[in-house]
Amino acid sequence: MDIYKYATYPTTEEVDSIYCQKELAFKNMELQIGGKKTYSILQGKEMEYDFWLIEYNNRILDLTNAYVLTSFYYNKGIPDERWMSSPRPGFNVNFPDYKEEHHSYAYWFNFYLESYYTKFFGIIDTLYHLVNLKYELFIEPMPRFNAIVLNKLSEKDEELASKLLKGNLKKDSAFETADEYRNDLTHNYRPHQISSPMKRRKASNEDYIYDMKTGARTLASEVRGVEIYDFSSSSYTTTKEFMKNINDSIDFLGKLILEIKDKLE
């Protein structure tokens, strides 16, 4: 498969058309930067914070581009609603409705999809850095940085700390699903790939080896070199499911930033 054969880039008109669908949400995410172009030596705090605001807004631009490019390939049409995975070993996994070009479209959709979720949660993480500076918490980047920031923030602004608490963010189904996708895309078997129907596991006390002649049975865990395989249905997340979550998560993020914008600008 030549993934580059059908690789294209959207025209300016196509970019504008896709962007307009979420323009309000993206604009709600932006944070205004003070009009200062120069800083005195006594304005180190303002300078550092403004640089972080620039970094934040650049991340919004990155998210916008990832959204546009993911949507661009989705709009080309990827017929993956009917995907096939045979439970019988030796059979090829395939998408029966695919033509040659659809393999390329799906590859680039998945490529930009992974970028989208990386950018999305990068923005979430940047919010904690902004809070750290704005509220003068003086916490250095370290493991569990976000949680430590929230713990200190709750002493100064309990309302904002509550809004940024991950447990509360996950009360929104779009964020919770996005977090699950991001975790699997980064650390586990990626959900945009069809999973194997055959899975190996450790033998338990309920697994036996039977002697077909005598009917005798032996615990599998007591026999050296025995491997246990379970057969089950494969799993796969369609492009339609991903695209719904992308649209919903953009709306969620736009709404969240709008609610806390006055505390960060």
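Right, let's walk through the structure included here.

Rules behind the numbers
- Residues numbered from 1 in each chain as written.
- Predicted model: local features only at pLDDT ≥ 70, side-chain atom pairs only at ≥ 80, totals over all residues.
- Heavy atoms only, no water.
- Helix = DSSP H or I, 4+ residues; strand = E, 2+ residues; numbered from the N terminus.
- Rg over C-alpha atoms; globule rule 2.2 N^0.38 Å.
- Buried < 20%, exposed > 50% of the residue type's maximum accessible area, 1.4 Å probe, protein only.
- Contact = heavy atoms within 4.5 Å.
- Areas by Shrake-Rupley, 256 points an atom, 1.4 Å probe, with all protein chains shown as cover.
- Lys, Arg positive; Asp, Glu negative; His and termini not counted.
- Charge placed at Lys NZ, Arg CZ, Asp CG, Glu CD.
- Polar contact = N/O pair within 3.5 Å; in protein donor to acceptor, adjacent residues only side chain to side chain.
- Phe/Tyr/Trp six-rings, centres within 6.5 Å; stacked < 30°, edge-to-face > 60°.
- Lys NZ or Arg CZ within 6 Å of the ring centre and 35° of its normal.
- Expected span 1.5 Å × (residues − 1).
- Arc of directions from axis to C-beta.
- Axes fitted to C-alpha atoms, helices over the stretch in contact; angles between N-to-C directions.
- Parallel < 35°, antiparallel > 145°, perpendicular 65-115°, else oblique.
- Left-handed = near helix turned anticlockwise from the far one by under 90°.
- Nonpolar A, V, L, I, M, F, W, Y, C, P; charged D, E, K, R; others polar.
- Salt bridge = Lys/Arg side-chain N within 4 Å of Asp/Glu carboxyl O.

Moving on, we come to the overall build of the chain. Along the backbone of the chain there are 9 helices and 4 strands. The C-alpha radius of gyration computed for the chain amounts to 25 Å, which surpasses the reference 18 Å derived for 265 residues by more than 25%, pointing to a less compact arrangement than a globule. Across its three principal axes, the chain shows a C-alpha extent of roughly 90 × 45 × 30 Å. Taking all 265 residues of the chain together, 39% fall into the buried category. Of the contacts made within the chain by residues no fewer than 6 positions apart, 72% connect residues no fewer than 24 positions apart. Counting only carbon and sulfur atoms, one obtains 51% of the accessible surface of the chain, whose full area is about 16100 Å². For the chain, the distance from the average position of its 34 positive side-chain charges to the average position of its 41 negative side-chain charges is 4 Å.

This paragraph deals with the side chain of His192. Structurally, His192 can be placed in the loop between α8 (173–187) and β1 (198–201). Only 2.8 Å separates the side chain of His192 from the side chain of Glu114, close enough to count as a polar contact. With residues near it in sequence (within four places) discarded, His192 still touches Asn110, Leu113, Glu114, Leu185, Tyr236, Thr237 and Phe242.

Further remarks concern the packing of aromatic side chains. Using the criterion set out here, one finds 25 aromatic pairs in the structure. A connected cluster of aromatic rings, assembled from ring pairs, spans Tyr4, Tyr6, Phe72, Tyr73, Tyr105, Tyr107, Trp108, Phe111 and Tyr112. Against the face of Tyr208 rests Arg217, its NZ or CZ located 3.9 Å from the ring centre.

End to end, α8 covers 21 Å across 15 residues, agreeing with the expected 21 Å (1.5 Å per residue, within 8%). Looking only at α8, the buried set comprises Ala174, Phe175, Ala178, Asp179, Tyr181 and Leu185. Projection of α8 onto a plane perpendicular to its axis shows the buried side chains occupying an angular sector of 165°, all on one side. Counted as exposed and oriented over 90 degrees from the buried face of α8: Ser173 and His187. Summarising the contacts, the buried residues of α8 are in contact with α4 (100–134), α7 (166–169) and α9 (239–264).

Attention shifts here to the packing of α4 against α9. For any two helices packed against each other, one specifies the inter-axial angle together with the distance between the axes. Packing of α4 against α9 leaves a shortest axis separation of 12 Å and a crossing angle of 15°. What the angle tells us is that α4 and α9 run roughly parallel. The interaxial crossing formed by α4 with α9 has left-handed handedness.

The next subject is unusual backbone geometry. With phi around 50°, Glu136 is a residue other than glycine that occupies positive phi space. You can see Glu136 is positioned in the loop between α4 and α5 (145–153). A positive phi angle is found at Arg144, which is not glycine, with a value near 65°. In this structure, Arg144 sits in the loop between α4 and α5.

Turning next to α4. For α4, built from 35 residues, the straight-helix expectation of 51 Å at 1.5 Å per residue is met to within 8% by its first-to-last C-alpha distance of 52 Å. With its phi angle positive at about 50°, Glu136 sits one or two positions after the end of α4.

Structurally, the position occupied by Thr11 is in the segment before α1 (12–20). When the C-alpha positions of Thr11 and Tyr236 are compared, they lie 31 Å apart, and in sequence the two are 225 residues distant.

This part covers the packing of helix α3 (residues 44–75) against α4. α4 packs onto α3 with a crossing angle of 160° between their chain directions and a minimal axis gap of 8 Å. Classified by the angle their axes make, α3 and α4 are roughly antiparallel. In this structure, the crossing between α3 and α4 has a hand that is left-handed. Its residues assigned to classes, the contact of α3 with α4 shows 22 nonpolar, 5 polar and 5 charged.

This next bit is on the pattern of salt bridges. With the rule as written, the count across this model stands at 15 salt bridges. Put simply, Lys263 and Asp157 hold a salt bridge, and the shortest N to O gap is 3.0 Å. A residue pair is termed long-range when its members are at least 10 positions apart, and Lys263 in helix α9 and Asp157 in the loop between α5 and α6 (158–164) qualify at 106 residues. Note that Asp179 is salt-bridged to Lys166, the shortest N-O span being 3.3 Å. Of this pair, Asp179 sits in helix α8 while Lys166 sits in helix α7, placing them 13 residues apart in sequence. A relative accessible area of 8% places Asp179 in the buried class. Take Lys166: its relative accessible area is 39%, and that puts it in the partly exposed class. Within the structure, one salt-bridge network assembled from shared partners comprises Lys166, Lys170, Asp179 and Arg182.

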